[in-house]
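Residue-level listing of the chains:
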Amino acid sequence: MMIMNGLVSLIKQIKMKKVLFGIDQLLTKKNKLQQLRLALVTNNAATTFKGEPGRVALINKGFNITKLFSPEHGLTAQGEDGAYQNNSADTITKLPVISLYGEQLMPTEEDLTDVDAVLFDIPDAGCRFYTYLWTMTYVMEVCAAYKKPLIILDRPNPISGNLNLAEGPMLDEEHCHSFIGRWNIPVRHCCTLGELAKYFAATRVKDLDLELIEVQNWNREKTVTETSWFFAPPSPAICDFETAILYPGMGLLEGINVNEGRGTIKPFKIMGSPWINATQLQKEFHSLHLPGLHTSVHSYTAAGGLYAGKACHGLQFNISDPYSFCPVQSGLRLIQLIASLHPEHCEERLYGTRANPSGTGHLDKLTGVYHSFEKIKRNELLATKVATTKWKEIIQSYLIY
């Protein structure tokens, strides 16, 4: 029986078609783009399905890449969260690298005067407060303003494109607009960047010459762990799939004064503080019976981040079922519990970044909800699927896969 099961598994692997990214599609055929001067928005996480850096593959195929733009975390995709990134030169291609998380958050008119079109190829994390998405929207606006075609080389959503898994809250643009949430979409959007670009081009960025080069052989119902493509960490703290699926919920902990695992080898998989009663927190959190998530008591000392060098007590998270796990709801319920168990200690945190140097209002910007801390404490802010029923209706006609 074991041999038979092994043979069945092997046959399935053989039959499984390779997931080809947008860049792989672009590289397979002669293309008019090879005759143009191109700028490329990219980083080291943007590879071909074989793992070759995308910019190298394009140059080797004869594409005339004249300059690079890099997002938060820099071209290496290893820069510290929220840290200013300088302009530089690519050590591999020797091309100039203009940082879009340094002196500027978008290309300037001067940056685009000597290019004919812009390519965008960056893996996303599937979460509204992950900044690569919003870098894309700024690039869209600039390309529309200066009449430069924009070509999105699409990539899968690593934590699934199943719209039934989308979670609110939606974004209050009037009060919570920021570089970690410019426009009204859910926290977990379950779309590819190409799909969101298509939606924004129709509703937000008029007169954009947009071309999408699609992913092939991707089943949007699946996560990265069930497909034939590997997970390339898009930034230092999101180092594997489990972290990526935890991030839309546990990333909310940046908004309160607990350590979210930064400064350890398990960011977003663990959390704690010197003042948390971990045993009590785990008992109360477990009693909520949140699906798809297992927790255990955990103590640690972080080398960096909040409470660096101090013993922290809290929880460790393990995903038992990615298809029933609701990260945003879990994160909000966790914050509510911490605040109720430790009202004398738990408070909002200032979280300074290049895009928000003062660090004020960070929790509101993460949740997309005005005065969110008070609403979370009163249990008024639960990320149910109700909020995303409308999202499914809105985005349906812009889905590609």
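Here the structure is shown first, and the text comes after it.
Sequence positions are assigned chain by chain, starting from 1 and proceeding in written order. For a predicted model such as this one, the threshold for reporting local features is a pLDDT of at least 70, and the threshold for listing and counting side-chain atom pairs is 80 or more; totals across whole chains, interfaces and linings nevertheless cover every residue. Only hydrogens and water are removed before side-chain values are computed, so all heavy atoms of the structure are retained for them.

Peer 1: Describe helix α5 (residues 132–145), and please don't skip the residues or the numbers.
Peer 2: For α5, spanning 14 residues, the distance from its first C-alpha to its last is 20 Å, which sits close to the expected 20 Å at 1.5 Å a residue. When you tally the buried positions in α5, you get 12 out of 14 residues, the bulk of the element. Throughout, exposure labels follow a simple rule: accessible area from a 1.4 Å probe, protein chains only, divided by the maximum for the residue type, with under 20% read as buried, over 50% as exposed, and the rest as partly exposed. Strands are runs of DSSP state E lasting at least 2 residues, helices are runs of H or I lasting at least 4, and numbering of each runs from the N terminus. Among the residues of α5, those classed as buried are Tyr-132, Leu-133, Trp-134, Thr-135, Met-136, Thr-137, Tyr-138, Val-139, Met-140, Val-142, Cys-143 and Ala-144. Residue contacts follow a heavy-atom distance rule, with two residues in contact if any of their heavy atoms lie within 4.5 Å. Check the buried side of α5 and you find it contacts β1 (37–42), α4 (109–112), β5 (117–121), β6 (150–153) and α7 (193–203). Just beyond α5, the residue with positive phi is Lys-147, at close to 60 degrees. By definition here, a helix of n residues has an expected span of 1.5 Å times n minus one.

Peer 1: Can you tell me about the nonpolar core, naming the residues and giving the values?
Peer 2: The nonpolar side chains of a soluble globular protein tend to be buried, and buried together. Each nonpolar core is a collection of buried residues, namely Ala, Val, Leu, Ile, Met, Phe, Trp, Tyr and Cys, held together in the definition by side-chain atoms within 4.5 Å. Met-271, Leu-334 and Ile-338 are the most contacted members of the largest nonpolar core, which totals 119 residues. Element by element, the count of residues in this core is highest for α5, at 10 residues.

Peer 1: Now, about the pattern of salt bridges: what can you tell me, with residues and values included?
Peer 2: Salt bridges are defined by distance alone: a side-chain nitrogen of Lys or Arg within 4 Å of a carboxyl oxygen of Asp or Glu. The final tally for this structure, using the stated rule, is 15 salt bridges. Residue Asp-90 is joined to Arg-55 by a salt bridge in which the shortest nitrogen-to-oxygen separation is 2.7 Å. Here Asp-90, found in the loop between β3 (88–89) and β4 (96–99), pairs with Arg-55, found in helix α3 (residues 54–60); they are 35 residues apart in sequence, far enough to count as distant. Between Arg-349 and Glu-260 there is a salt bridge; the shortest N-O distance is 2.9 Å. Linking Arg-349 in the loop between α10 (327–341) and α11 (362–367) with Glu-260 in the loop between α8 (241–250) and β8 (270–273), this pair joins segments that are 89 residues apart in sequence. Grouping residues by exposure puts Arg-349 and Glu-260 together as buried. Each of Asp-81, Glu-254, Glu-260, Arg-262 and Arg-349 takes part in one network of salt bridges that share partners.

Peer 1: Outline the pairing of strand β10 (residues 311–319), listing residues and values.
Peer 2: Paired strands, as defined in this entry, are two strands with at least two bridges between them according to DSSP. Bridging between β8 and β10 involves four bridges; their strand directions are antiparallel. By the bridge assignment, Ser-273 is partnered in β10 with His-313. In this sheet, β10 lies alongside strand β9 (residues 293–301) in antiparallel orientation, the contact comprising nine bridges. Bridge pairing links Ser-299 to His-313 in β10.

Peer 1: Tell me about the sheet that holds β8, and please be specific about residues and values.
Peer 2: On the basis of which strands lie adjacent, the open sheet formed by three strands has the order β8-β10-β9 and antiparallel pairing. Unpaired on one side and paired on the other, β8 and β9 mark the two borders of the sheet. Taking the axes of each pair of neighbouring strands and ignoring which way they run, one obtains an average angle of 25 degrees across the sheet. On the sheet, α8 packs against β9 and β10 and is oriented at approximately 120 degrees with respect to β10. Every angle, taken between N-to-C directions, lies between 0 and 180 degrees, and every axis is a line fitted to C-alpha atoms, over only the stretch in contact when it is a helix.

Peer 1: Explain the sheet that holds β4 residue by residue, including any values.
Peer 2: Paired through backbone hydrogen bonds, the strands of a sheet run either parallel or antiparallel to each other. Sheet architecture is open: seven strands sit in the order β3-β4-β2-β1-β5-β6-β7, paired in mixed fashion. If you trace the sheet from one side to the other, it starts and ends with β3 and β7 (210–213), each paired once. Two elements, β1 and strand β2 (residues 64–70), share five bridges in a ladder whose sense is parallel. The partner of Leu-40 across the bridge, within β2, is Leu-68. Contacting β1, β5 and β6, α5 crosses the sheet at an angle of about 170 degrees to β5. Running at roughly 160 degrees to β7, α7 makes contact with β5, β6 and β7 of the sheet.

Peer 1: How would you explain empty space enclosed by the protein if you had to name every residue and give the values?
Peer 2: For cavity detection a 1 Å grid was placed over the protein atoms alone, and a set of points counts as a cavity when a 1.4 Å probe fits there but cannot get out; an open set counts as a pocket when protein lies on both sides within 12 Å along at least five of seven lines, with lining residues being those that have an atom within 4 Å of a point. Grid points are joined across faces, edges and corners, and a volume is the space filled by probe spheres set on the points. In this structure the tally under the stated criterion is two cavities of 30 Å³ or more. Considered as a void within the structure, the largest cavity measures approximately 130 Å³ in volume. Forming the boundary of the largest cavity are 13 residues, of which Pro-123, Arg-155, Trp-229, Phe-230 and Ala-232 lie nearest the centre. Each pocket or cavity is described by its volume, and for the second largest cavity that value is around 70 Å³. In the lining of the second largest cavity, the residues fall into eight nonpolar, two polar and three charged. Think of it as three bins: nonpolar holds Ala, Val, Leu, Ile, Met, Phe, Trp, Tyr, Cys and Pro, charged holds Asp, Glu, Lys and Arg, and polar takes everything else, Gly as well.

Peer 1: Can you tell me about the pairing of β2, naming the residues and giving the values?
Peer 2: In terms of burial, β2 is largely enclosed, as five of its seven residues are buried. Taken together, β1, α3 and β2 form a β-α-β motif whose crossover is right-handed. As paired strands, β2 and β4 are joined by three bridges and run parallel to one another. Bridging across to β4, Phe-69 finds its partner in Ile-98. A clockwise course of the path from the first strand over the helix to the second, judged with the strands pointing away from the viewer, identifies a crossover as right-handed.

Peer 1: Describe in detail the layout of surface pockets, supporting the description with residues and values.
Peer 2: As a volume, the largest pocket reaches approximately 550 Å³. Lining the largest pocket are 36 residues, and of these Glu-72, Asp-81, Glu-254, Arg-262 and Tyr-351 sit closest to its centre. It is α11 that provides the largest number of residues to the lining of the largest pocket, a total of three residues. Looking at the lining of the largest pocket, its residues break down into 16 nonpolar, 12 polar and eight charged.

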